[in-house]
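Now for the letters of each chain:
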Amino acid sequence: MRKLVAFLLTGLALYGVYWFAVNRLFDEGSYRKQVAFGSVFVPYGWAYALAFLGALVLLVLLYSLLYTALVNRLQGRRKSPWPLFLQGVTHLFLWVLILLVYYPVVQVVAASFDPTNNLFSFRRPDTGFLLLDAKVIPYLPNPSLENYVKLVEGVVLHPYQVALALLAGLALLGVGIVGLLRRLLAPEAWMDFWQGRLLFLMALLVFALALSLSPRQFTGQGTETKFLLWVRNTFLISGLTGLLAVLLTATAGYAFARFRHLPGRYPMLLFFIFVQMFPGFLALVAIYYLLSWLDLLNTFTGLVLAYSGGIISFGTWVYKGYLESISPSLEEAAMVDGATRWQVFTKILLPLSAPMFVFIFLLQFVGTYSEFVLANLVLTGVESWNVGVGLRSFTTGQFQTKWGVFAAASVLGSLPILFLFYGFQQYFVSGYTAGAVKE
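Here we summarise the structure given alongside this text. Keep in mind it's a predicted model, so treat the numbers as computed, not measured.

What about the nonpolar core?
Consideration 1: Formed by 64 residues in total, the largest nonpolar core has its most connected members in Leu303, Tyr319 and Leu374.
Consideration 2: Sequence-distant contacts of leucine 374, defined by excluding residues within four places in its chain, comprise Leu284, Ile287, Leu303, Ala306 and Tyr307.

Considerations on the side chain of asparagine 72
Consideration 1: With respect to the helices, strands and loops of the structure, asparagine 72 is situated in helix 2 (residues 45–75).
Consideration 2: For asparagine 72, a relative accessible area of 16% corresponds to the buried category.
Consideration 3: When residues no more than four places from it in sequence are discounted, the contact partners of asparagine 72 are Arg77, Arg78 and Lys79.

Some words on the pattern of salt bridges
Consideration 1: If you walk through the whole model with that rule in mind, you get four salt bridges.
Consideration 2: Across the pair arginine 258 and glutamate 331 runs a salt bridge, and its minimum N-O distance is 2.5 Å. Linking arginine 258 in helix 8 (residues 227–258) with glutamate 331 in helix 12 (residues 329–336), this pair joins segments that are 73 residues apart in sequence.
Consideration 3: Relative accessible area serves as the criterion here: at 16%, arginine 258 is assigned to the buried category.
Consideration 4: Relative accessible area serves as the criterion here: at 4%, glutamate 331 is assigned to the buried category.
Consideration 5: Here glutamate 324 makes a salt bridge to lysine 320, at a shortest N to O gap of 3.0 Å. Of the two residues, glutamate 324 and lysine 320 are both situated in helix 11 (residues 300–324); the distance of four residues between them amounts to about one turn of the helix. Just as glutamate 324 is buried, lysine 320 falls in that class too.

Here's the deal with the packing of aromatic side chains
Consideration 1: By the definition in use, this model includes 17 aromatic pairs.
Consideration 2: Each ring, one from tyrosine 319 and one from phenylalanine 357, has its centre 5.1 Å from the other, and the planes form 35 degrees; the classification is tilted. Pair noted here: tyrosine 319 is in helix 11 and phenylalanine 357 is in helix 14 (residues 354–369), with a separation of 38 residues, a long-range link.
Consideration 3: The rings of Phe207, Phe235, Phe361, Phe365 and Tyr369 are connected pair by pair, giving a single aromatic cluster.

Quick word on unusual backbone geometry
Consideration 1: Although it is not a glycine, aspartate 295 sits at a positive phi angle of roughly 60 degrees.
Consideration 2: Examined against the element boundaries, aspartate 295 turns out to sit in the loop between helix 10 (284–293) and helix 11.
Consideration 3: A relative accessible area of 65% means that aspartate 295 is categorised as exposed.
Consideration 4: Of note, asparagine 298 is a non-glycine position whose phi angle comes to about 60 degrees, a positive value.

Overview of helix 9 (residues 265–276)
Consideration 1: With 12 residues, helix 9 should reach 16 Å at 1.5 Å per residue; the first-to-last C-alpha distance of 17 Å fits that figure.
Consideration 2: Within helix 9, the full set of buried residues consists of Arg265, Leu269 and Phe272. Seen along its axis, helix 9 keeps its buried residues to an arc of 55 degrees; they face one direction. Turned more than 90 degrees off the buried face of helix 9, the exposed positions are Tyr266 and Pro267.
Consideration 3: Contacts made by the buried residues of helix 9 are with helix 8 and helix 11.

A short note on a nonpolar patch on the surface
Consideration 1: A cluster of nonpolar side chains, namely Tyr266, Met268, Leu270, Phe271, Ile273, Phe274, Val275, Met277, Phe278, Phe281, Leu282 and Val373, defines an oily patch on the protein surface of about 1,200 Å² accessible area.
Consideration 2: Take the nonpolar patch: its biggest share by element is seven residues, from helix 9.
Consideration 3: Tracing the sequence through the fold places phenylalanine 281 in the loop between helix 9 and helix 10.

Focus on the packing of helix 8 against helix 14
Consideration 1: Taken N-terminus to C-terminus, the directions of helix 8 and helix 14 make an angle of 140 degrees; their axes are 8 Å apart at the nearest point. In terms of orientation, helix 8 and helix 14 fall into the oblique class. When you trace helix 8 past helix 14, the crossing you get is right-handed. Where helix 8 approaches helix 14, its residues Val231, Thr234, Phe235, Ser238, Gly239, Thr241, Gly242, Leu243, Ala245, Val246, Thr249 and Ala250 are matched on the opposing element by Phe357, Ile360, Phe361, Gln364, Phe365, Thr368 and Tyr369.
Consideration 2: Broken down by class, the residue content of the contact of helix 8 with helix 14 amounts to 11 nonpolar, eight polar and no charged.

Looking at the side chain of arginine 232
Consideration 1: Positionally, arginine 232 belongs in helix 8.
Consideration 2: With no salt bridge to any partner, buried arginine 232 finds its closest opposite charge in glutamate 383, at an N-O distance of 8.0 Å.
Consideration 3: At 3.4 Å, the side chain of arginine 232 and the backbone oxygen of alanine 210 are in polar contact.
Consideration 4: Polar side-chain contacts of arginine 232 include one of 3.0 Å to the side chain of asparagine 233.
Consideration 5: Setting aside residues no more than four positions away along its own chain, arginine 232 makes contact with Ala210 and Leu213.

Structural notes on the environment of leucine 269
Consideration 1: For leucine 269, the position within the fold is in helix 9.
Consideration 2: In this structure, leucine 269 is in contact with Phe256, Trp317 and Lys320, ignoring residues within four places of it in sequence.

About the cut-offs
Residues numbered from 1 in each chain as written. Predicted model: local features only at pLDDT ≥ 70, side-chain atom pairs only at ≥ 80, totals over all residues. Heavy atoms only, no water. Core = buried A, V, L, I, M, F, W, Y, C linked by side-chain atoms within 4.5 Å. Buried < 20%, exposed > 50% of the residue type's maximum accessible area, 1.4 Å probe, protein only. Contact = heavy atoms within 4.5 Å. Helix = DSSP H or I, 4+ residues; strand = E, 2+ residues; numbered from the N terminus. Salt bridge = Lys/Arg side-chain N within 4 Å of Asp/Glu carboxyl O. Phe/Tyr/Trp six-rings, centres within 6.5 Å; stacked < 30°, edge-to-face > 60°. Expected span 1.5 Å × (residues − 1). Arc of directions from axis to C-beta. Patch = residues over 30% accessible without salt bridge, like charges linked within 9 Å, V, L, I, M, F, W, Y side chains within 5 Å. Areas by Shrake-Rupley, 256 points an atom, 1.4 Å probe, with all protein chains shown as cover. Axes fitted to C-alpha atoms, helices over the stretch in contact; angles between N-to-C directions. Parallel < 35°, antiparallel > 145°, perpendicular 65-115°, else oblique. Left-handed = near helix turned anticlockwise from the far one by under 90°. Nonpolar A, V, L, I, M, F, W, Y, C, P; charged D, E, K, R; others polar. Lys, Arg positive; Asp, Glu negative; His and termini not counted. Polar contact = N/O pair within 3.5 Å; in protein donor to acceptor, adjacent residues only side chain to side chain.

See below:
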């Protein structure tokens with residue numbers, strides 16, 4: 001009976017699909033005769049796309065059958081081709097997903113090399129190639145570096161700043177060489193050591209360069225020439241916020257992890273969880289009032305304090321969980337030898353917590369690097385903007401939207417975050433897992 005019902009339902013579903021295709025999808029009257037200006041209309045384009053995917057699936061099936069038949073003949077056994085086919089279809093799906101995810105990145109990078117804003121115009125190219133005419137593949141008739149030049153136009157660097165930039169570039173080159181060796185050779189301990197040291201050196205050089213820059217060195221005419229100044233402001237804000245987050249979460253997390261008889265410990269932990277349930281922008285009115293009352297509007301200090309308050313609850317919970325994974329017997333042994341609780345905290349727990357502190361710092365740094373809502377509320381004036389507010393200024397012009405400059409600034413602005421994720425990705429993974437472990 002169940003098989004009969006399943007058969008009838010399957011037949012009904014197939015008939016419904018057939019009726020919909022005949023009366024809707026393949027009906028010429030269901031399509032608009034007029035399409036938007038600059039667009040390309042292909043009748044039954046969806047059918048061509050599905051047919052292309054179906055052809056790829058058939059190729060995977062044919063490969064699975066041939067490969068399994070060859071292996072069975074050579075090894076003299078009977079092995080089913082379906083596991084290999086399912087694995088191939090899974091890989092095909094993942095590749096399609098990867099292309100869809102990275103497709104906007106390709107468009108933004110292509111737009112950064114187009115000084116005419118052609119990628120965002122309504123005029124359709126007439127090349128005779130469908131994907132170019134529809135701008136599925138970016139159309140770049142005259143690619144150039146003009147948009148990138150506008151971002152650094154009028155910037156005056158001192159000799160020692162040029163030296164810092166060159167040293168940072170050499171450190172980055174060293175990181176790339178070590179990464180290439182990790183791909184070609186068997187991983188060894190010295191690779192991790194030098195990669196970490198070179199990344200740390202590059203970060204120090206970049207922060208030193210950012211600290212040494214001053215607004216007087218940006219002499220260009222136009223807001224886009226202040227881009228490097230916005231990056232410098234963002235480095236200062238995000239770096240100070242990360243350091244303050246580490247300081248606050250280290251002390252608070254230690255207190256909640258070790259002082260179990262602390263009055264109000266459990267209600268405070270519940271309060272931290274309760275605070276994390278609400279998005280940060282709900283507190284914009286309160287933050288603005290407090291900063292205005294403290295005379296901290298349009299200052300980096302006010303923005304750093306506002307950012308730092310948002311990481312305390314999450315960072316405290318993560319660091320508390322990390323400390324609870326370390327046995328208290330280690331601290332008790334040190335106190336038996338005469339160490340004070342402060343010495344135990346500074347000389348034993350802090351060195352052991354270095355990976356967790358790096359995770360908290362990078363989490364806060366990345367989270368505040370391109371933040372826009374709060375920065376737009378607090379910071380006023382071109383010389384005080386961060387990267388997020390500066391990028392928005394390119395899309396709100398009175399007469400023209402500077403999409404090319406916006407794309408170039410987006411590419412350059414994303415490079416520091418890309419390097420951070422590439423170099424310290426193990427801390428992100430280990431930090432999340434370590435913070436969830438309990439003894």
